[in-house]
Amino acid sequence: MVGKRTITETEKVVQARLGDIPLRREQMAAVSNIYRAATAVRQHLENSVLREAELTWTAFTVLWEVWIWGESETRHVAEEAGISKGTLTGVARTLETRGLLKRTQHASDGRLVLLGLTPAGEELMARVFPAFNAEEAFVTDDLTADECLDLAAGLRKIVARLEAKGEERREELLAGQAPKPRRSGRRPKS
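Residues numbered from 1 in each chain as written. Predicted model: local features only at pLDDT ≥ 70, side-chain atom pairs only at ≥ 80, totals over all residues. Heavy atoms only, no water.

Any chance you could break down the overall build of the protein for me, citing the residues and the numbers?
In terms of regular secondary structure, the protein is built from seven helices and three strands. Along the protein, helices and strands appear, N-terminal first, in the series α-α-α-β-α-α-β-β-α-α. Each principal axis of the C-alpha atoms in the protein carries an extent, and together these give about 60 × 45 × 40 Å. Within the span of the protein, comprising 190 residues, buried residues form 20% of the whole. When contacts within the protein are restricted to residue pairs at least 6 apart in sequence, those whose partners lie at least 24 apart make up 53%. As displayed, the protein offers around 14,600 Å² of accessible surface, 55% of which is attributable to carbon and sulfur atoms. Computed over 29 positive and 28 negative side-chain charges, the inter-centroid distance for the protein is 10 Å. (Helix = DSSP H or I, 4+ residues; strand = E, 2+ residues; numbered from the N terminus. Buried < 20%, exposed > 50% of the residue type's maximum accessible area, 1.4 Å probe, protein only. Contact = heavy atoms within 4.5 Å. Areas by Shrake-Rupley, 256 points an atom, 1.4 Å probe, with all protein chains shown as cover. Lys, Arg positive; Asp, Glu negative; His and termini not counted. Charge placed at Lys NZ, Arg CZ, Asp CG, Glu CD.)

Here it is as structure tokens:
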């Protein structure tokens with residue numbers, strides 16, 4: 001593959017670059033491969049099933065959250081999808097324009113917005129998810145069913161640890177200070 005580095009090539013270059021720096025290499029390999037696997041799976045699904053349905057990964061994730069949980073507050077959908085509320089606003093607008101999602105005001109608190117699937121959104125998810133799942137099976141085809149369950153259990157432990165202790169660790173690392181706001185990478189013009 002021209003221009004694309006394999007996981008084996010990357011591991012060799014990382015080892016050569018880091019040399020004798022004292023590191024917890026097994027843990028680095030685990031986290032690095034979580035990232036690489038997630039990126040590879042996302043790209044595969046975006047370029048196959050989701051492209052056919054004219055969905056981005058983020059749009060699919062928003063639809064998935066609302067499909068699974070039912071009508072939900074925007075803040076919960078954004079949190080579950082791992083995106084900012086600002087990003088959700090744009091994605092929700094696009095999905096609403098396509099007739100897949102509807103936005104309504106919360107019955108008791110007019111400041112809150114709820115997202116729900118339209119019948120067209122329900123139909124799309126019922127049609128797309130089996131194809132999505134077929135690709136989940138494709139990407140894990142070299143693993144046995146037990147290996148899939150072991151992998152899922154290991155990843156679940158990582159998520160559970162971060163849910164239980166991540167905030168405490170962040171506070172410790174930041175010496176009790178609030179984290180700086182996220183930046184897009186752009187810097188103010190001088």
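Continuing now.
Can you break down helix α1 (residues 7–18) residue by residue, with the values?
When the terminal C-alpha atoms of α1 are compared, their 16 Å separation across twelve residues agrees well with the 16 Å that a helix rising 1.5 Å per residue should span. Trailing α1 by a residue or two, Gly 19 shows a phi angle of about 45°, which is positive. (Expected span 1.5 Å × (residues − 1).)

A description of helix α2 (residues 25–52) should follow, citing residues and the corresponding values.
If you check α2, its first and last C-alpha atoms are 39 Å apart, about what 28 residues at 1.5 Å a residue would give, namely 40 Å. Along α2, the sharpest kink reaches roughly 45°, centred on Glu 46. Among all positions of α2, only Leu 45, Val 49 and Leu 50 are buried. (Bend = angle between axes of the 7 residues up to and from the residue.)

So what's going on with the sheet that holds strand β3 (residues 113–117)? Which residues, and what values?
What the three strands build is an open sheet, ordered β1-β3-β2; its pairing is antiparallel. The sheet is open, and its two borders are formed by β1 (72–73) and β2 (101–105), each paired with just one other strand. Pairing geometry for β2 and β3, over five bridges, is antiparallel. Within the sheet, the bridge partner assigned to Thr 104 lies in β3 and is Leu 114. Against the sheet, helix α5 (residues 85–97) touches β2 and β3, its axis set at about 115° to β2. (Pairing = 2+ DSSP bridges. Axes fitted to C-alpha atoms, helices over the stretch in contact; angles between N-to-C directions.)

I'd like a description of the environment of Glu 122, backed by residues and values.
Along the chain, Glu 122 falls in helix α6 (residues 119–139). Overall, the relative accessible area of 38% leaves Glu 122 in the partly exposed class. Glu 122 sits 55 residues away from Trp 67 along the chain, and the two C-alpha atoms are 7.1 Å apart. When neighbours within four sequence positions are excluded, Glu 122 is seen to be in contact with Trp 67 and Leu 117.

I'd like a description of the pattern of salt bridges, backed by residues and values.
According to the stated counting rule, one finds six salt bridges in the structure shown. Among the salt bridges present, the one from Arg 75 reaches Glu 73, with a minimum N-O distance of 2.4 Å. (Salt bridge = Lys/Arg side-chain N within 4 Å of Asp/Glu carboxyl O.)

If you had to explain the packing of aromatic side chains to someone new, which residues and values would you point to?
Per the stated rule, a full pass over the model turns up six aromatic pairs. Measuring from ring centre to ring centre gives 5.9 Å for Phe 129 and Phe 132, while their planes differ by 25°; the resulting arrangement is stacked. One end of the pair, Phe 129, and the other, Phe 132, are both in helix α6, three residues apart, so they sit about a helical turn from each other. An identical accessibility class is assigned to Phe 129 and Phe 132; each is buried. (Phe/Tyr/Trp six-rings, centres within 6.5 Å; stacked < 30°, edge-to-face > 60°.)

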